[in-house]
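Chain and residue survey
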Amino acid sequence: MPPESLPEVPQVRQVQVWRRAGWRSRSLWIGGAVTLVLALTALVSLVWTPYPFTAIDIAGKLALPTWAHPFGTDHFGRDVLSMIMVGARNSIVVACVAVGIGAGLGVPLGLLAAARRGWVDEVVMRFNDFAFAFPALLSAVMITAIAGPGAVNAIIAIGIFNVPVFARLTRGASLSLWKREFVLAARVAAKGDLAIAIEHILPNVAGVLIVQATIQFALGILAEAGLSYLGLGAQPPQPSWGKMLNDAQTYIYLAPRLAIFPGLAITLAVLGLNLLGDGLRDVLDPRLRRRR
Amino acid sequence: MTDALLEVRDLVRDYALPRRHLFAPPPRLRALDGVSFHIAAGRSFGIVGESGCGKSTLARTILALERPTAGRVHVRGRDLFALSAHELRAQRRHVQMIFQDPYGSLDPRQRVGRIVAEPLSMTAEGRDRATRRAHVAEALQAVGLAAEAANKYPHEFSGGQRQRIAIARALITRPELIVADEPVSALDVSVQAQVLNLMSDLQARLGLTYLFISHDLSVVRCVTDEVAVMYRGRIVEQGPTSRVFTTPLHPYTQALVAAIPKPDPRRRQDRSTASAPPAPIAEADGGCPFAPRCPRAEARCRIEAPQLRTIESGHSAACHFA
Amino acid sequence: MPAPLLHIDRLSLNIPTDEGVAEILSDVSIALNRGESIGVVGESGCGKSMTALAVMGLLPEAAQATGAIRFDGDDLLQAGEAALCALRGRRIAMIFQEPMTALNPVMCIGAQVAEGLRLHLHLGRAEAEDQARRLLDRVGLPAPRFSPRLYPPQLSGGQRQRVVIAMALACGPDILIADEPTTALDVTIQAQILDLIAAVTAETGMALIMISHDLGIVAETTERMLVMYAGRIVEQGPTAEVFARLAHPYTRGLFAASPHAVAASGDQGGRVRLAAIPGQVPDPHRRPRGCVFADRCARATEACRAGVPAPVAIGTNHTAACIHPVLDEVPV
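Residues numbered from 1 in each chain as written. Chains lettered and ligands numbered in written order. Predicted model: local features only at pLDDT ≥ 70, side-chain atom pairs only at ≥ 80, totals over all residues.

Section: the overall build of chain A
The helix and strand tally for chain A stands at ten helices and zero strands. Counting from the amino terminus, helix and strand elements in chain A follow one another as α-α-α-α-α-α-α-α-α-α. Within chain A, the fraction of its 292 residues that count as buried is 45%. Across chain A, every contact between residues at least 6 apart in sequence was considered, and the portion connecting residues at least 24 apart equals 73%. (Helix = DSSP H or I, 4+ residues; strand = E, 2+ residues; numbered from the N terminus. Buried ≥ 20, exposed ≤ 12 C-beta atoms within 10 Å, placed from the backbone. Contact = placed C-beta atoms within 7 Å.)

As structure tokens, then:
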């Protein structure tokens, strides 16, 4: 019986039409632009910053923004712009590796649970539930407080809480795929479960995973900022946006700009990544690929 | 029956339904209830039935995608479920399948060449890329598509063309038996005709054997030598296609044949069709499964399940009154 | 001769897409009288479903329609949304192919049937419930087995389609449009549903538009029929006449390619080669200039490609849009 249940709009090369609709998404372009700026800032900071971020100039402390110091200086006379740039690098690295851990462990777990079902599925999902039961940020705080502050521990702490997110998402997206006929066809072709999971299931869930990864990335930046604010993330003299916010508290009435710049940086980064995630969803999510 | 390519003996398949109470055993749904038949090489055998009759379960069991609760399946003389995992994998190249949904049976993320080559890539000679490409080109041309189609994605093709791709995939390992599960149900009439003709031509050229499963009796009537009618997991009638359709013996077959809309406007009258089916019963009742809907049912039918017995040569039916 | 109840007058429908303008319908004219049953036959992409949507005012926003659809004097193409809402369900009802997606799975069937009654006829709750109960009885879903409190997932496909029919009947519409109502159903259930549709339309004097790709269904349920191909009507006339003559090459080809044809010819069965129509339906973005069927037609000549053929009279009220209609006997 014909698969269409509603009368068709012309079927000609539907996917190209959808893809083009996706590419027109404003979220995609704006989010993409902001994320690109963030990434470039971080890259550039590897080779050059206006001033070394460790350069202290007590005489010039708390300076207003000028051409010499576009964002001004902080209470130690350090150039705020340079610190923001290096802070970007830190945030990105932490978020990246944390999401990498989350996806690297979570996706295979989710694929396994969806492929095997039965008690394997139950065990994986109960571990997931267990992990979800802990408030992520507070647990990250606890882990870093116990294991000791520092970027590496922050990465691990945030990464651990990304695992159940990816596991659950992958499992959910994969479950219905295992029933699809092309998977049956692969079985008839003598493919084993592992090969099917890698060659058929994963490419078809990749879109959903990529979208989630951008969102987790944004959350990772936020989490890193939170941890650094509490002094549990990257340690001084490594600058980080959260630490800058904390330091700015004392001077909030005197020089509110010290809080505004890192705050804006965090906000823009998170916003940009969320928009990018939304935009990618318009392009990639197969569920939106039904007729409009 | 050692010369039969496919032999199915007393196949039973139960599914467990959700429990009604926490401590009660789960009720079982009997999808296949003692199905037996055999297909000789080079023949085209049809299985006809409506939704819920078990024909899809039958197809999956024959392809060893599911294990039966009881019964045996012999392919090329070997018991499918007695094979080791390794032997079963090697055996798969001889039995391939064409699926119903041309939109769902091809992985949207893979190119056509890779999709068609998949069964071949799991065999010894399929390891070499050049060999695979050559075979893929050959298979695509055999189904009437250009060899360049291998570089495109499924969404670039129409339903009929996708089904041709599915046929090419089924052919690539030169199987002996092809199970076609509603291969043309999702296609338009004129495309249907093209695909059915293609399947006939390929059968003649390559010496294939088909197990053709469909709910559409008109289609089955055109393309099969022998047909079995299934109802609620049992074969209720079996015989040469022309005979089963011109002189159906079982009341269910008669109802099916009468219900087919005929493109003959002189036929505008009320049909006396079987009454609406009751809700599916999980536990197997004793007696004939068709009794609740049968216009000829008597007390005997509700108690004693009729066995499939030969009425005329080669034509059998499971009814007390056939 | 009273004016037709529904008159689709030279309807053309174009939809702009990224690939250009898709010509979905070209010059479609259909006249439907009160109480008449008419069949629309065609394959995917012929535009039959779009025609039905045009009548209901449910076309996609991007669609550009020209021509007129006159229902009881008013042009539906010019009508505003409010006017169309008042018509839908009340005077023109439609049933679709997939009963599961036509019914709201979280609303009980009694409420869904009563919805139209309360909306259009402004019946009170108790009255609407009574009427809904009666409608369910009428469509073969009697109490107590089929309580109005049941939900669609608890019913089978055929039962759901009966509920859809009850909903369509509720306000006593003048026209019932059935778009492939039985394609998703089993053969025996299909027969019952078709009988039900025939019975209710005869009883209430509703006009019926039966849209199907199945020649058999149209043969058994309609008085007149029209055959559509690539957005145009290629043949129309009384059903018995059309089947007797099969004048347009596409109609004849469709009949010959249909597995029913083999059965109808009383053949011995066994493996038969079907007379397939070579080629494919032309892309809506690139419709040919002359006869749309010329590229696939064995009888095509230069004249066929020069311009769109005008309808030629084959019998009384029976026309085929072909310069070379097939006039020899239909093989019985």
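A closer look at the overall build of chain C
Helices and strands together make up the secondary structure of chain C, namely twelve helices and twelve strands. On C-alpha atoms alone, chain C measures out to a radius of gyration of 21 Å, which is about the 20 Å that the 2.2 N^0.38 rule sets for 332 residues. In terms of its C-alpha atoms, chain C occupies a principal-axis envelope of roughly 65 × 50 × 45 Å. For chain C, the proportion of its 332 residues judged to be buried stands at 52%. Relative to all contacts within chain C whose residues are 6 or more apart in sequence, the contacts with residues 24 or more apart total 64%. (Rg over C-alpha atoms; globule rule 2.2 N^0.38 Å.)

Looking at the nonpolar core
Within the largest apolar cluster, 273 residues are counted, with the highest numbers of intra-cluster contacts made by Val116(B), Val179(B), Leu211(B), Val229(B), Val113(C), Ala166(C) and Ile209(C). Counting residues per element, this core draws most heavily on helix H3 (residues 80-116) of chain A, at 19 residues. (Core = buried A, V, L, I, M, F, W, Y, C linked by C-beta atoms within 7 Å.)

Things to note about the confidence of the model for chain C
Counting all residues, the mean pLDDT for chain C is 88, and 96% of those residues have values of 70 or more. The ipTM value of the predicted complex is 0.85, and its pTM value is 0.84. (pLDDT = per-residue confidence, 0-100.)

Focus on the sheet that holds strand E2 (residues 20-32) of chain C
All names here are of chain C. Ordered in space as E2-E1-E4-E5, the four strands form an open sheet in which the pairing is antiparallel. With one partner strand each, in any of the chains shown, E2 and strand E5 (74-75) form the two edges of the open sheet. In this sheet, E5 lies alongside strand E4 (residues 64-71) in antiparallel orientation, the contact comprising two bridges. Along E5, the bridge assignment pairs Phe71 with Asp74. (Pairing = 2+ DSSP bridges.)

Focus on helix H9 (residues 241-250) of chain A
Because the α-helix completes a turn every 3.6 residues, residues three or four places apart line up on one side. When H9(A) is considered as a whole, its buried residues turn out to be Trp241(A), Gly242(A), Lys243(A), Met244(A), Leu245(A) and Ala248(A). Against H3, helix H8 (193-229) and helix H10 (257-284) of chain A lie the buried residues of H9(A).

What to know about the interface of chain C and chain B
Each partner contributes residues to the interface: chain C has 40 residues there, and chain B has 39 residues. Ranked by the residues each element gives to the side of chain C that touches chain B, the list is headed by helix H7 (residues 187-204) of chain C, at six residues. Of the residues assigned to the side of chain C that touches chain B, the class counts are 19 nonpolar, 14 polar and seven charged. (Nonpolar A, V, L, I, M, F, W, Y, C, P; charged D, E, K, R; others polar.)

Examining the pairing of strand E10 (residues 234-240) of chain B
Each regular strand shows side chains that alternate between the opposite faces of the sheet. Residues and elements named next belong to chain B. Summarising burial for E10: six of the seven residues are buried, a large majority. Where strand E9 (residues 226-231) lies against E10, six bridges are found, and the strand directions are antiparallel. Within E10, the residue paired with Ala228 across the bridge is Gln238. Between the antiparallel neighbours E9 and E10 lie two residues, among them Arg232 with a positive phi of about 50 degrees. Across two bridges, the pairing between E10 and strand E12 (residues 315-317) is antiparallel. If you follow Glu237 over to E12, its bridge partner there is Ala317.

Notes on the sheet that holds E10(B)
All names here are of chain B. Across the sheet, which stays open at both edges, the eight strands sit in the order E6-E7-E8-E3-E9-E10-E12-E11 with mixed pairing between neighbours. If you trace the sheet from one side to the other, it starts and ends with strand E6 (95-98) and strand E11 (309-312), each paired once. Averaged over all neighbouring strand pairs, the angle between strand axes comes to 25 degrees, with direction disregarded. (Axes fitted to C-alpha atoms, helices over the stretch in contact; angles between N-to-C directions.)

Here's the deal with the pairing of E4(C)
All names here are of chain C. Two elements, strand E1 (residues 6-17) and E4, share seven bridges in a ladder whose sense is antiparallel. By the bridge assignment, Ile8 is partnered in E4 with Ile69. Between E4 and the antiparallel strand that follows it, E5, lie two residues; Asp72 among them carries a positive phi value of about 50 degrees.

Thoughts on the packing of helix H5 (residues 159-171) of chain B against helix H6 (residues 189-206) of chain B
Residues and elements named next belong to chain B. Between H5 and H6, the shortest axis-to-axis distance is 10 Å and the interhelical angle comes to 15 degrees. Relative to H6, the element H5 is oriented roughly parallel. For the crossing formed where H5 meets H6, the hand is right-handed. Seen from H5, the contacting residues are Gly159, Gly160, Gln163, Arg164, Ile167 and Leu171; seen from H6, they are Val191, Gln194, Val195, Leu198, Met199 and Leu202. Of the residues that constitute the contact of H5 with H6, the class distribution is seven nonpolar, four polar and one charged. (Parallel < 35°, antiparallel > 145°, perpendicular 65-115°, else oblique. Left-handed = near helix turned anticlockwise from the far one by under 90°.)

Some thoughts on the environment of Arg221(B)
Residues and elements named next belong to chain B. Residue placement: Arg221 occurs in helix H7 (residues 217-223). Take Arg221: there are 28 C-beta atoms within 10 Å of it, and that puts it in the buried class. Remark: the alpha-carbon pair of Arg221 and Val189, spanning 32 residues in sequence, is separated by 15 Å.

A closer look at helix H7 (residues 181-188) of chain A
Taken across its eight residues, H7(A) has seven buried, putting it largely inside the fold. For H7(A), the set of buried residues is Glu181(A), Phe182(A), Val183(A), Leu184(A), Ala185(A), Ala186(A) and Val188(A). Of the surrounding secondary structure, the elements contacted by the buried residues of H7(A) are helix H6 (151-177) and H8 of chain A together with E6 and helix H3 (112-121) of chain B. Count one or two residues on from H7(A) and you reach Ala190(A), which has phi positive near 80 degrees.

Re the packing of H3(B) against helix H4 (residues 129-142) of chain B
All names here are of chain B. At a minimum axis distance of 9 Å, the contact between H3 and H4 shows a crossing angle of 115 degrees. Taken together, the axes of H3 and H4 are roughly perpendicular relative to one another. For the crossing formed where H3 meets H4, the hand is right-handed. Together, Gly113, Val116, Ala117, Leu120 and Ser121 of H3 and Arg132, His135, Val136, Ala139 and Leu140 of H4 make up the contact between the two elements. Here the residues of the contact of H3 with H4 sort into six nonpolar, three polar and one charged.

Examining unusual backbone geometry
A cis geometry characterises the amide bond from Pro236(A) onward to Pro237(A), with omega recorded as 10 degrees. By secondary structure assignment, the location of Pro237(A) is in the loop between H8 and H9. With an omega dihedral of -5 degrees, the bond running from Ala143(C) to Pro144(C) counts as a cis peptide bond. By the secondary structure assignment, Pro144(C) is in the loop between helix H5 (125-138) and helix H6 (157-169). For Glu182(B), which is not a glycine, the phi torsion comes out positive at approximately 50 degrees. By secondary structure assignment, the location of Glu182(B) is in the loop between strand E7 (177-181) and H6. At Arg232(B), a residue that is not glycine, the phi angle is positive and equals roughly 50 degrees. By secondary structure assignment, the location of Arg232(B) is in the loop between E9 and E10.

Let's talk about the environment of Glu226(B)
Residue and element names in this part refer to chain B. Position of Glu226 relative to the elements: it lies in strand E9. According to the C-beta neighbour criterion, Glu226 is buried, with 21 such atoms within 10 Å. Sequence separation between Glu226 and Ser44 is 182 residues; the distance between their C-alpha atoms is 6.7 Å. When sequence neighbours within four positions are dropped, the list of residues in contact with Glu226 reads Arg43, Phe45, Gly239, Pro240 and Thr241.

With respect to the environment of Asn151(B)
Residue and element names in this part refer to chain B. For Asn151, the position within the fold is in the loop between H4 and H5. Residue Asn151 is classed as exposed on the basis of its 11 C-beta neighbours within 10 Å. Separated by 38 residues in sequence, Asn151 and Gly113 have C-alpha atoms that sit 6.1 Å apart. Once residues within four sequence positions are removed from consideration, Asn151 is found in contact with Arg111 and Gly113.

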